[in-house]
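# Chains, contacts and geometry: an overview
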Amino acid sequence: MMIGERLQEIRKDNGDTQQDLANKLHASLYAVRCWEQGKSDPSHDTLAAICRLYDVSADYLLGLSDEDPRCAQRRQSRLTPENAAMLKRFEAFLLYEQAHGKH
């Protein structure tokens, strides 16, 4: 169900409804719902189209990678400068904790 969960996440991050995605891919709403529910997977051609449409890696969609740098960059670009700075401080804190054997 990895593809479906990630597809739904990326679609929502881009402000698209299932119908919007169906229209952009020239697919049916039913097909998009089935992909997101894990009942079926998009074809290879459709998977490539999704990757191009949302500028996301196929590795991320397929669950071969847990992070897609482009998704993270898009999310961070929507943060206010103050929140982006806070996020960097929090990341540094977590890395420090991890390096020093705390949780």
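Look up: the structure comes first, before these words.
Cut-offs and rules
Residues numbered from 1 in each chain as written. Predicted model: local features only at pLDDT ≥ 70, side-chain atom pairs only at ≥ 80, totals over all residues. Heavy atoms only, no water. Helix = DSSP H or I, 4+ residues; strand = E, 2+ residues; numbered from the N terminus. Expected span 1.5 Å × (residues − 1). Phe/Tyr/Trp six-rings, centres within 6.5 Å; stacked < 30°, edge-to-face > 60°. Buried < 20%, exposed > 50% of the residue type's maximum accessible area, 1.4 Å probe, protein only. Lys NZ or Arg CZ within 6 Å of the ring centre and 35° of its normal. Salt bridge = Lys/Arg side-chain N within 4 Å of Asp/Glu carboxyl O. Axes fitted to C-alpha atoms, helices over the stretch in contact; angles between N-to-C directions. Parallel < 35°, antiparallel > 145°, perpendicular 65-115°, else oblique. Left-handed = near helix turned anticlockwise from the far one by under 90°. Contact = heavy atoms within 4.5 Å. Nonpolar A, V, L, I, M, F, W, Y, C, P; charged D, E, K, R; others polar.

Time to look at helix 7 (residues 81-99). Along an α-helix, a turn takes 3.6 residues, which lines up residues three or four apart on a common side. End to end, helix 7 covers 27 Å across 19 residues, agreeing with the expected 27 Å (1.5 Å per residue, within 8%). In the segment just after helix 7, G101 is the residue with positive phi, at about 70°.

Moving on to the environment of G15. Here G15 is to be found in the loop between helix 1 (2-13) and helix 2 (18-25). In sequence terms G15 and Y30 are 15 residues apart; their C-alpha atoms lie 19 Å from each other.

The next point concerns the packing of aromatic side chains. Scanning the entire structure with this criterion turns up one aromatic pair. Both rings, one in F90 and one in F93, keep their centres 6.3 Å apart while their planes meet at 25°; by these two values the pair is stacked. Within this pair, F90 and its partner F93 are both found in helix 7, separated by three residues, close to a single helical turn. You can call F90 partly exposed: its relative accessible area is 47%. On the basis of relative accessible area, F93 is assigned to the partly exposed category, the value being 41%. Over the aromatic face of Y60 sits the side chain of R6, whose NZ or CZ is 4.1 Å from the ring centroid.

All right, on to the pattern of salt bridges then. Per the stated rule, a full pass over the model turns up three salt bridges. One salt bridge connects D66 with R6, and the closest N-O pair in it is separated by 3.4 Å. Remark: R6 occurs in helix 1 and D66 occurs in the loop between helix 5 (58-62) and helix 6 (69-77); sequence separation between them is 60 residues. Here K24 and D16 are joined by a salt bridge, their closest N and O atoms 2.9 Å apart. Judged by relative accessible area, K24 falls into the partly exposed class, the value being 45%.

One way to put it is that helix 2 packs onto helix 3 (residues 29-37) with a least axis distance of 8 Å and a crossing angle of 115°. Overall, the two elements helix 2 and helix 3 adopt an arrangement that is roughly perpendicular. Crossing hand, helix 2 versus helix 3: right-handed. The segment helix 2 lies against helix 3, with Q18, Q19, L21, A22 and L25 engaging L29, V32, R33, W35 and E36. Here the residues of the contact of helix 2 with helix 3 are counted per class, giving six nonpolar, two polar and two charged.

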